[in-house]
Amino acid sequence: MKMVLAVIDKDDAHDVISNLSKEGFSITRLSTTGGFLRSGNVTILVGVEDDKTQKVISIIEEYSRSRSQQIPTIMGNEASYLSPMPVEVAVGGATIFVLNVEEFLKI
């Protein structure tokens, strides 16, 4: 048995969870915050038999997308004048961990 732990962007969470549920997977959803932007994420936990692990990963990959976002930064010049300079960064997507489960109990 495996535990799939995935950190996904909050904007993708509904589609990922909905499609995992349609395929019969049980999900635990945790609201989380992370990354250097301190943006909202969703962490999902999915306990799954070894042979269905790739199906879970495929669904997460299909419904999690990376996107660009402009963030302001402060740049100084010789005159010590500070002006905002937007920088484009990639956000979204998913970070997936697959962990071995030694024992599973439902109490």
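Bear in mind the structure is a predicted one, so any value in this text is a computation, not a measurement.

## Concerning the side chain of Thr53
Point 1. Take Thr53: it is sitting in helix α2 (residues 53-63).
Point 2. The exposure class of Thr53 is buried, given its relative accessible area of 9%.
Point 3. There is a polar contact of 3.1 Å between the side chain of Thr53 and the backbone oxygen of Asp50.
Point 4. Aside from chain neighbours lying at most four places away, what touches Thr53 is Lys2, Val4, Val48 and Val98.

## A few points about the nonpolar core
Point 1. By size, the foremost hydrophobic cluster in this structure holds 15 residues, and its most contacted members are Ile8, Leu20, Phe25, Ile44, Val46, Val56 and Ile60.
Point 2. Secondary-structure elements contributing two or more residues to this core are β1 (2-9), α1 (10-22), β3 (39-48) and α2.

## Considerations on α2
Point 1. Listing the buried residues of α2 in full gives Thr53, Val56, Ile57, Ile59 and Ile60. Down the axis, α2 shows its buried residues gathered within 160° of arc, on one side only. Exposed residues pointing more than 90 degrees away from the buried face of α2 are listed as Glu61 and Glu62.

## Side note on α1
The periodicity of an α-helix, 3.6 residues per turn, causes residues three or four places apart in sequence to face the same way.
Point 1. In this model α1 runs 19 Å from its N-terminal to its C-terminal C-alpha over 13 residues, within 8% of the 18 Å that 1.5 Å per residue would give.
Point 2. Those residues of α1 that sit buried are Asp12, Ala13, Val16, Ile17, Asn19 and Leu20.
Point 3. The N-cap residue of α1 is Asp9: its side-chain oxygen and the backbone nitrogen of Asp11 are 2.8 Å apart.

## A short note on the packing of α1 against α2
Point 1. Remark: α1 packs on α2, axes separated minimally by 9 Å, with the N-to-C direction vectors making an angle of 150°. For the element pair α1 and α2, the recorded crossing hand is right-handed. On α2, the residues that touch Asp12, Asp15, Val16, Asn19 and Leu20 of α1 are Val56, Ile59, Ile60 and Tyr63.
Point 2. Here the residues of the contact of α1 with α2 sort into six nonpolar, one polar and two charged.

Procedures and definitions
- Residues numbered from 1 in each chain as written.
- Predicted model: local features only at pLDDT ≥ 70, side-chain atom pairs only at ≥ 80, totals over all residues.
- Heavy atoms only, no water.
- Helix = DSSP H or I, 4+ residues; strand = E, 2+ residues; numbered from the N terminus.
- Buried < 20%, exposed > 50% of the residue type's maximum accessible area, 1.4 Å probe, protein only.
- Polar contact = N/O pair within 3.5 Å; in protein donor to acceptor, adjacent residues only side chain to side chain.
- Contact = heavy atoms within 4.5 Å.
- Core = buried A, V, L, I, M, F, W, Y, C linked by side-chain atoms within 4.5 Å.
- Arc of directions from axis to C-beta.
- Expected span 1.5 Å × (residues − 1).
- Axes fitted to C-alpha atoms, helices over the stretch in contact; angles between N-to-C directions.
- Left-handed = near helix turned anticlockwise from the far one by under 90°.
- Nonpolar A, V, L, I, M, F, W, Y, C, P; charged D, E, K, R; others polar.

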